Every structure is written in structure tokens, then in C-alpha cells.
Amino acid sequence: MRRILVIHGPNLDLLGTREPAIYGHLTLASINQILKVQAKKDKVALVIRQSNHEGRIVDLIGRARKNKFQGILINPAAYTHTSVAVRDAIAACGLIVIEVHLSNIYSREEFRHKSLISPVAKGTIMGFGAKSYTLGLAAILDLIEAK
Ligand code: DQA
């Protein structure tokens, strides 16, 4: 069975109450539930992790290949704009990585316009709220299938 790792970065555990005008009203648990339903339909195993800690995210990415994942769906959240370590881990991991964001980072503050992750991701999906994740999961499955 294909295995996909989903990583949610910092502060995404607060979804539901965190700036709902920007991030919507769905909690992280609801988004994860939607992803699990989609994964079940597509017969793919999902492992979902959230962390507020950069090193933990680096470790998850670094071990993903050994842990038999074929792809990673990641919302690096604020680390998108700051983390060379997360970027390097993605560049090194040898797996298909799709970057997702709930919001369109280019329609927001200027400091969000730079993603350190996009150049090393296979693709980026943003601006569709929770749908960014389901579109991302569909894309990653297509890519694994085509491999
Ligand atoms: C985010 C966008 C980031 O700029 C922000 O720091 C987040 C969430 C998004 O999903 O829209 O925490 O990644």
C-alpha cells in the first residue's frame, strides 16, 4: 500500500479559532478527517503529524524514506518563509513533496511572499482553504502513480 506523510507546521493546531477570516473555521481535526476519508477511497495509508518545532519537522522529513513513505504533503506554515533547515531536509529526502497553504501567501503581507520551500517542492497549492490539502493529496497520488 502506498504511504503518504502529511505534516502540518506551527500554529496549525489552532485552526478553527486562529484568524478564521484568513484560515477558515475548520479545525485541524476536521481537515485530517477529510483527508482520511479521501485516503481510504484512494486506498492509500496516511500518517498525519503536526509540530510547532522546526527540528521535529526536519526529523520527520529526514526519516520519511526509511519509514517507507513515497510522498510528503506539507504545510510548513511560518517555516515556509524562514526555514533553510526544512528546505534542505526536503531537498535531501528524495521523495515527492507537495507544499500546501490554506491562504494565498502572495495576497498577504510582503514577508510571506517568499517561500524557501517552493523551489524544492514538486509543486505548491495555495489559497483554497482546506481544499488545498485535498487537491495536494490528489496531486501527490497522481505523481506516485505516474512514477
Ligand atoms: C500558511 C501561510 C503562512 O504564511 C502562515 O505562517 C501559516 C499558514 C497557510 O496555510 O496559509 O501559518 O502556511
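Residues numbered from 1 in each chain as written. Predicted model: local features only at pLDDT ≥ 70, side-chain atom pairs only at ≥ 80, totals over all residues. Heavy atoms only, no water.

1. A short note on the pattern of salt bridges
Okay, so step 1: Summed over the entire model, instances satisfying the criterion amount to four salt bridges.
Okay, so step 2: Between Arg-63 and Asp-59 there is a salt bridge whose closest N-O contact spans 3.8 Å.
Okay, so step 3: For Arg-63, a relative accessible area of 42% puts it in the partly exposed group.
Okay, so step 4: What emerges from the salt-bridge pattern is a single network uniting Arg-108, Glu-109 and Arg-112. (Salt bridge = Lys/Arg side-chain N within 4 Å of Asp/Glu carboxyl O. Buried < 20%, exposed > 50% of the residue type's maximum accessible area, 1.4 Å probe, protein only.)

2. Here's the deal with the site of the ligand
Okay, so step 1: Around the ligand, the neighbouring residues are Arg-18, Tyr-23, Asn-75, Ala-77, Ala-78, His-81, His-101, Leu-102, Ser-103, Ile-105, Arg-108 and Arg-112.
Okay, so step 2: Between an oxygen atom of the ligand and a side-chain N or O atom of Asn-75, the distance comes to 2.8 Å.
Okay, so step 3: One of the side-chain N or O atoms of Ser-103 is found 2.6 Å from an oxygen atom in the ligand. (Near = heavy atom within 4 Å. Polar contact = N/O pair within 3.5 Å; in protein donor to acceptor, adjacent residues only side chain to side chain.)

3. Re the domain arrangement of the chain
By a frequent convention, interface size equals the accessible area lost on bringing the separate parts together.
Okay, so step 1: Domain parsing of the chain yields domain 1 (1–57) and domain 2 (96–128).
Okay, so step 2: In this assembly, five residues from domain 1 lie in contact with four residues from domain 2.
Okay, so step 3: At the surface where domain 1 touches domain 2, the tally comes to zero salt bridges.
Okay, so step 4: Where domain 1 packs against domain 2, one counts one residue pair in polar contact (both at pLDDT 80 or more).
Okay, so step 5: Of the residues contributing to the side of domain 1 that touches domain 2, the split by class is five nonpolar, no polar and no charged. (Domains from an automatic or database assignment. Contact = heavy atoms within 4.5 Å. Nonpolar A, V, L, I, M, F, W, Y, C, P; charged D, E, K, R; others polar.)

4. Things to note about the side chain of Asn-32
Okay, so step 1: With respect to the helices and strands, Asn-32 occurs in helix α2 (residues 28–41).
Okay, so step 2: With a relative accessible area of 13%, Asn-32 lands in the buried category.
Okay, so step 3: Ignoring anything within four residues of it in the chain, the contact list for Asn-32 reads His-8 and Ile-48. (Helix = DSSP H or I, 4+ residues; strand = E, 2+ residues; numbered from the N terminus.)

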